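Residues per chain, in single letters:
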Amino acid sequence: MAPPRNVVKIAVQMPDAIPQLIQLDQAKPLAAVLKEVCDAWSLVHSERYALQFADGHRSYITENNRTEIKNGSILCLSTAPDLEAERLLGGLQSGSRERRREALQHLVLLAPDVTFAQEVISRDGLQRLGTIVEDGDDLGEVLTLALRAFLELMEHGMVSWETLSIPFVRKVVCYVNMNLMDASVQPLALRLLESVTLSSPALGQLVKSEVPLDRLLVHLQVMNQQLQTKAMALLTALLQGANPAERKHMLGYLWQRNLRQFIYKNIIHSATPLGDEMAHHLYVLQALMLGLLEPRMRTPLDPYSQEQREQLQALRQAAFESEGESLGTGLSADRRRSLCAREFRKLGFSNSNPAQDLERVPPGLLALDNMLYFSRHAPSAYSRLVLENSSREDKHECPFARSSIQLTVLLCELLRIGEPCSETAQDFSPMFFGQDQSFHELFCVSIQLLNKTWKEMRATQEDFDKVMQVVREQLARTLALKPSSLELFRTKVNALPYGEVLRLRQTERLHQEGTLAPPILELREKLKPELMGLIRQQRLLRLCEGTLFRKISSRRRQDKLWFCCLSPNHKVLQYGDVEEGASPPTLESLPEQREEDGAGVRVSHLPSRDHPLCGARLGPSGQPGLLPAVAVADIKALLTGKDCPHVREKGSGKQNKDLYELAFSISYDHGEVEAYLNFIAPSKREFHLWTDGLSALLGGPMGSEQTRLDLEQLLTMETKLRLLELENVPIPEQPPPIPPPPTNFNFCYDCSITEP
């Protein structure tokens, strides 16, 4: 007879004792279960003991996470978390270095468990660890373990980073600034200072004043990828916390110290592959660097500014210097003003007073900066472009000033200047680290491309918007290739002329639309069910392979990974934590794997309401809970975007837009409580694959953009295969008419008559 659903068969082990095989009744209080286990080993005071999982992170079992136990689980009897915390904290105060080291090692192992962390923090464990860090008696393994334990405890979010003392922060700064320091200490110290800078403006100012930029440059130049990454993380955190004037000064100093060249040569083009975290920090650095242009982009031209009027005159004189000097000699003031107005018109301004064109924001003064840079750093190309178009009489002239203003707007949109930094993006462009004044240099290439495209399209003033659309496509396609240098960008964008853009558009349109002949449309409709089944099968196989997801905390840190996959029988979603840099685990290696029959749903305790991985509504006890192995039959709904609880709680600012696009959750029944399993997809493609697969599991339609593209591709391929024999044969729009029936059927052959 099968045991009841709330009874699981488990093993309990203890050092120097014969393991017990018991049937655990989940309805029985945990204290009673402990009492029975202790009685079997003749142990008294059962309240001094607790159960832990024997593998994985050795999490303590509580009433909130006991449903994680399943058939075949192996538990171990250990000291209760409060007593263990008291013992280890006592070991930290021991005069023996070996005993302190041993206590710290056990503390680091148990700190990720929230139950143990609560006990340590409630007993002033953070203060005791802080004392070890501040004293600095041992700068080797003991200090490394103390910093790691401190960070693990702080990551639970139970204590604010703003509560740290100034002497403690200064001591950690001292470890960062020391020359002779253990290689394992400084990455941890940098990580701690990054968290302080992002979480506390006051302490962030202290870090900024105490950590010289030159010291961070020294860490970046060490051929240690972990140290480089943490140094870059602290650098971008300091830049983000600075005001615009300070940020401009800091970036200017870093560029003078050749940071850009070092990043380009030794980090981007390093033999070691670039990690995801470093790629994100380079994206942030690029965004902050381009963000220095925002004030000029937001500032309109002031017609009463003498400096700006002189800049406009310099722009005109660079194009019409000899002509203006010869014609303007001996002319009256009114005549000279009329001549200047005509030359500004020939330069491509829409108004005789160019200030009216540059009052628009964006691009504001940034457009004027771009035009001046082009005229001064590429004078021959500037003069040729302006004079070539101002002397044309066939209405095909390309207006330089108008084009420059609109092109500046286009570049700001493509590079997202003025927008908040994404907190998960990694799409930096190596080209912007390849040389100084990269934005203005990009404009110089782009304005010449615009003039080239204008001539290829034989455009007139009425075609201005069409030309800009083509140029946008040329630039966007080339930037998406992430060229490593401006010269490579120039080569690739010039290899994409107007004719090639038309060909690409036509090819994409054919791939997307296919033919519209009714017979083909009918064939495609008949093929759809079979191909949708194929896509559904592929999505489910992708879920079975599993994906690594990143945990994002309240400060959007992405330090930890977790893995989720679907069981081969499509009945259970299985997941577990993964160490940084480790390969994705197999289904069998996940902690507390559920059996194939899907029995034994499990629940794990969460530290807070806004846990980065998952969330659940609070139950009667005030503690949230989750199901690390979620039965598909228990799933109620799939949520995406702003409907997800972990995104909804973070607010609706622009900085959360990227999370909205990658967030999805599943809600499921967990007893009387509605629980959630929350995801942040690593990419848009993974978001589509997982939401499609989960929708298929729930019997819903797969409506993602990726499904539409995959279906279109499969339909196109299958249709072409079916029509191979009809190549070059015109397919009529309507089927041929059916002829009327004959007047009689005397021609029918009677098979029953045998011939002699």
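For the structure, check the block above.
Procedures and definitions
- Residues numbered from 1 in each chain as written.
- Predicted model: local features only at pLDDT ≥ 70, side-chain atom pairs only at ≥ 80, totals over all residues.
- Heavy atoms only, no water.
- Helix = DSSP H or I, 4+ residues; strand = E, 2+ residues; numbered from the N terminus.
- Buried < 20%, exposed > 50% of the residue type's maximum accessible area, 1.4 Å probe, protein only.
- Contact = heavy atoms within 4.5 Å.
- Areas by Shrake-Rupley, 256 points an atom, 1.4 Å probe, with all protein chains shown as cover.
- Salt bridge = Lys/Arg side-chain N within 4 Å of Asp/Glu carboxyl O.
- Arc of directions from axis to C-beta.
- Pairing = 2+ DSSP bridges.
- Axes fitted to C-alpha atoms, helices over the stretch in contact; angles between N-to-C directions.
- Left-handed = near helix turned anticlockwise from the far one by under 90°.
- Nonpolar A, V, L, I, M, F, W, Y, C, P; charged D, E, K, R; others polar.
- Phe/Tyr/Trp six-rings, centres within 6.5 Å; stacked < 30°, edge-to-face > 60°.

Caption draft 1: Just the overall build of the chain, in detail. Check the secondary structure of the chain and you find 30 helices and 14 strands. For the chain, with 756 residues in total, the buried portion stands at 48%. Long-range pairs, those at least 24 residues apart, make up 68% of the contacts in the chain between residues at least 6 apart in sequence. Counting every atom, the chain has about 37,400 Å² of accessible surface; 52% of that belongs to carbon and sulfur.

Caption draft 2: Structural view of the pattern of salt bridges. Applying the stated criterion across every chain, the model contains 35 salt bridges. A salt bridge links Arg66 to Glu63; the nearest nitrogen and oxygen atoms lie 3.1 Å apart. Judged by its relative accessible area of 4%, Arg66 falls in the buried class. Its relative accessible area of 46% is what places Glu63 among the partly exposed residues.

Caption draft 3: Here's a closer look at the environment of Glu705. Summarising the element assignment, Glu705 is placed in helix H30 (residues 705-722). Exposure remark for Glu705: the relative accessible area of 39% places this residue in the partly exposed category. The spatial distance from the C-alpha of Glu705 to the C-alpha of Arg685 is 9.2 Å, given a sequence separation of 20 residues.

Caption draft 4: Spatial organisation of helix H24 (residues 486-494). Considered for burial, the residues of H24 that qualify are Leu486, Phe489 and Val493. The arc that holds the buried residues of H24, viewed along the axis, is 50°, so those residues lie on one side. Residues of H24 that are buried in the fold lie against helix H22 (438-457) and helix H23 (464-480).

Caption draft 5: Looking closely at the pairing of strand S2 (residues 20-25). Bridge count between strand S1 (residues 7-13) and S2: six bridges; the pairing is antiparallel. Looking at the pairing, Lys9 lines up with Gln23 of S2. Hairpin connection from S1 to S2: six residues lie between these consecutive antiparallel strands, with Asp16 at a positive phi of about 60°.

Caption draft 6: Geometry of the environment of Met14. When you line up the elements, Met14 lands in the loop between S1 and S2. Taking the C-alpha atoms as reference, Met14 lies 5.5 Å from Leu77; in sequence the two are 63 residues apart. Once residues within four sequence positions are removed from consideration, Met14 is found in contact with Trp41, Leu43 and Leu77.

Caption draft 7: Structural view of the packing of helix H5 (residues 125-135) against helix H6 (residues 141-154). At a closest axis distance of 9 Å, the pairing of H5 and H6 adopts a crossing angle of 145°. Classified by chirality, the crossing of H6 by H5 is left-handed. Contact residues: Leu126, Leu129, Gly130, Ile132 and Val133 in H5; Val142, Leu143, Ala146, Leu147, Ala149, Phe150, Leu153 and Met154 in H6. Residue composition of the contact of H5 with H6, by class: twelve nonpolar, one polar and no charged.

Caption draft 8: Region of the structure containing the packing of aromatic side chains. A complete count under the given rule lists 16 aromatic pairs for this structure. Residues Phe344 and Phe349 carry aromatic rings whose centres are separated by 5.8 Å and whose planes lie at 80° to one another, so their mutual orientation is edge-to-face. On the basis of relative accessibility, which here comes to 5%, the residue Phe344 falls in the buried class. On the basis of relative accessibility, which here comes to 3%, the residue Phe349 falls in the buried class. Measuring from centroid to centroid gives 5.8 Å for Phe679 and Trp690, while their planes differ by 35°, and the two rings are tilted. Of the two residues, Phe679 sits in strand S14 (residues 673-680) while Trp690 sits in helix H29 (residues 684-697), which places them eleven residues apart along the sequence.

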